[in-house]
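Geometric and topological summary
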Amino acid sequence: MSKLQKVLTLLLMVALCMGTVSAAGVQEESSTKVGGSVNVYSIMPEKYATKIFEEFTKDTGIKVNFVRLSSGEALARIIAEKANPQVDALWGGPADTYEAGVLEGVFDVYVPSEAAKVPAQFKSAKGYWTGIGVIPLTFLSNAKFLKDKGLNPPTSWNDLLDPAYKNSLQMADARTSGTATERIYSLIKVMGEDEAYAYQKKLHQNIQLYTKGGAGGAMPVATGQAASGVFYIVDALDIQQQGYDLVISYPKEGVTYGVEGSGIIKGAKNLAAAKALMDWASSKRLGEVMVANLINYIPTRPDVTVTNPALDMSKVKLLEADIAWKGENRTRLVERWIAEVIQQ
């Protein structure tokens, strides 16, 4: 069992043992409302962010004005606006996006009020970002397609190279999506870098479409327009919960995982409100809001009650990829993907 699996198993066991949290104990923060507003770029999908920010506003009185962008778009925009930041915080998205931004000097250091209750591997050691959820990659497949083709759900990366999937796979575009860069990290950890790119050249022959956002291919898979794809578990479970006949499976060789982050932009114009958002993000309250709204991130707080057994990763081979390494190599790996896979 990997180090992460041990941590996630512990998180899940503690959470499941805690039982239902009473309404009186839902909020740890003061009932005093701060007010004002905070401007945010959200990598987290709008449907999730909207629910979460509504609860934050109820708790604090702070209005959140947000624009939803993919991770690549958000990072590029924050860097371009470095001299005159247009937002106060970045919300969601894989932590390597934040690490890449740290190298560009666009994030401010702030240690949220309850950051000590978030395990060390889920936050920046230097205080640039704090993790709010853990999301492993998974395969998501259309059950009817599998039945019609006489296929079992994919349980190996090599299964996706089967000619039966020709022009039938949808997954995210590495130029814009953190889900896609996570896919690249997984393949490198499984195969080594050169073999990972050789594999992706072959996989490209079965690709119907690379989507702008990480969840973009989930609905086409659900409706049968596409057969299968690689997604974060939060997006796979979200579409499955809508009643579609889908199969979630994992490659036996393993997958890496994203740590969904949050951080303050250097030069934030609404700094007090941005700090309040980070404090709230580090609290137990955020995890409870996600669980209550079926937003299937694995909370980084071990004291949050998790109710979905599909988030139990004890039988999944989880591969650890250093977040700082991801941030340092992100641009280079995406550029190689463009040159060798897209432009082959």
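If you look at the biggest cluster of nonpolar residues, it comprises 88 residues, and the most contacted ones within it are Ile52, Leu90 and Trp91. If near-sequence neighbours (up to four positions away) are discounted, isoleucine 52 is found in contact with Met44, Trp91, Trp280, Leu286, Val289, Met290 and Ile295.

Reading fine detail from the predicted coordinates is not recommended where pLDDT is low. Averaged over all residues, the pLDDT of the protein equals 91, while 90% of them reach at least 70. Below a pLDDT of 50 lies the segment residues 14-31, which in the model reaches 29 contacts outside its immediate sequence neighbourhood of four places, other chains included.

With that settled, the discussion passes to the environment of leucine 187. Tracing the sequence through the fold places leucine 187 in helix H6 (residues 178-191). Here leucine 187 falls in the buried class, since its relative accessible area comes to 0%. Expressed as a C-alpha distance, the spacing of leucine 187 and aspartate 303, which sit 116 residues apart in the sequence, is 33 Å. Leave out the neighbours within four places in its chain, and leucine 187 touches Trp157, Gly192, Ala196, Tyr199 and Gln200.

Located in the positive-phi region is asparagine 167, a residue other than glycine, with phi close to 60°. Note that asparagine 167 resides in the loop between helix H5 (143-149) and strand E5 (169-172). We classify asparagine 167 as partly exposed; its relative accessible area is 48%. If you check the backbone angles, leucine 294 has positive phi at about 55° while not being a glycine. Mapped onto the fold, leucine 294 is located in the loop between helix H11 (284-292) and strand E10 (298-299). Under the relative-accessibility criterion, leucine 294 is labelled partly exposed at 48%.

The residue aspartate 238 is located in helix H9 (residues 233-240) in this model. Given a relative accessible area of 14%, aspartate 238 falls into the buried group. Those residues in contact with aspartate 238 that lie beyond four places of it in its chain are Lys47 and Tyr48.

Another point: the environment of tyrosine 48. With respect to the secondary-structure elements, tyrosine 48 resides in helix H2 (residues 46-60). Classification of tyrosine 48 by relative accessible area gives buried; the value is 3%. Along the sequence, tyrosine 48 and aspartate 148 sit 100 residues apart, while their C-alpha atoms lie 34 Å from each other. Those residues in contact with tyrosine 48, other than ones at most four positions away along the chain, are Val234, Asp235, Asp238, Ile295 and Tyr297.

With that settled, the discussion passes to the packing of H2 against helix H10 (residues 271-281). Close contact between H2 and H10 brings their axes to 11 Å; oriented N to C, the two are set at 110°. Accordingly, the angle class assigned to the pair H2 and H10 is roughly perpendicular. Residues Ile52, Phe53, Glu55, Phe56 and Asp59 of H2 lie in contact with H10, whose contacting residues are Ala273, Ala276, Leu277 and Trp280.

Moving on, we get to H10. Among all positions in H10, only Ala273, Ala274, Ala276, Leu277, Met278, Trp280 and Ala281 are buried. On its buried face, H10 is in contact with strand E1 (37-42), H2, strand E3 (89-94), strand E9 (257-264) and H11.

Next up on the list: the packing of aromatic side chains. Given two aromatic rings, one states the distance between the centres and the angle between the planes to describe the pair. Applying the stated rule across the entire model yields 10 aromatic pairs. Note on phenylalanine 139 and tryptophan 157: the rings are 5.2 Å apart at their centroids and 90° apart in plane angle, and the pair reads as edge-to-face. You can see phenylalanine 139 sitting in strand E4 (residues 133-142) and its partner tryptophan 157 sitting in the loop between H5 and E5, a full 18 residues away along the chain. Residue class for phenylalanine 139 comes out buried when judged on its relative accessible area of 1%.

We now examine H6. Here H6 spans 20 Å end to end across 14 residues, near enough to the 20 Å set by a 1.5 Å rise per residue. Most of H6 sits inside the fold, with 11 of its 14 residues counted as buried. Two to three positions downstream of the cap, the backbone nitrogen of threonine 179 sits 3.1 Å from a side-chain oxygen, assigning the N-cap of H6 to serine 177. Phi turns positive, to about 95°, at glycine 192, one or two residues after H6.

What counts as what
- Each chain carries its own residue numbering, running from 1 in the direction its sequence is written.
- With pLDDT at 70 or above as the cut-off, local features in this predicted model cover only qualifying residues; side-chain atom pairs require 80 or more to be listed or tallied, and sums for whole chains, interfaces and linings still use all residues.
- Where side-chain values are given, they derive from all heavy atoms of the structure, hydrogens and water being excluded.
- For this analysis, a nonpolar core means a set of buried residues of the types Ala, Val, Leu, Ile, Met, Phe, Trp, Tyr and Cys, connected via side-chain atoms within 4.5 Å.
- For every residue, the accessible area obtained with a 1.4 Å probe (protein chains only) is divided by the maximum for its type, and the residue is called buried under 20%, exposed over 50%, and partly exposed between those limits.
- Contacts were defined at the residue level, with two residues in contact if any of their heavy atoms lie within 4.5 Å.
- Think of pLDDT as the predictor's per-residue confidence, scored from 0 to 100.
- Helix numbers and strand numbers start at the N terminus; a helix is a DSSP run of H or I with at least 4 residues, a strand a run of E with at least 2.
- An axis is simply a line fitted to the C-alpha atoms; with a helix, the fit covers only the stretch in contact. Between two such axes, the angle follows the N-to-C directions and lies from 0 to 180 degrees.
- Working rule for angles: under 35 degrees goes down as roughly parallel, over 145 as roughly antiparallel, 65 to 115 as roughly perpendicular, anything else as oblique.
- To pair, rings of Phe, Tyr and Trp, with the six-membered ring standing in for Trp, must have centres within 6.5 Å; the planes then decide the type, stacked if under 30 degrees apart, edge-to-face if over 60, and tilted in the middle.
- Between the first and last residue of a helix there are one fewer steps than residues, each counted as 1.5 Å, and that sum is the expected span.
- Polar contacts here mean pairs of N or O atoms no more than 3.5 Å apart (in protein, one a potential hydrogen donor and the other a potential acceptor; neighbouring residues in sequence count only if both atoms are side-chain atoms).

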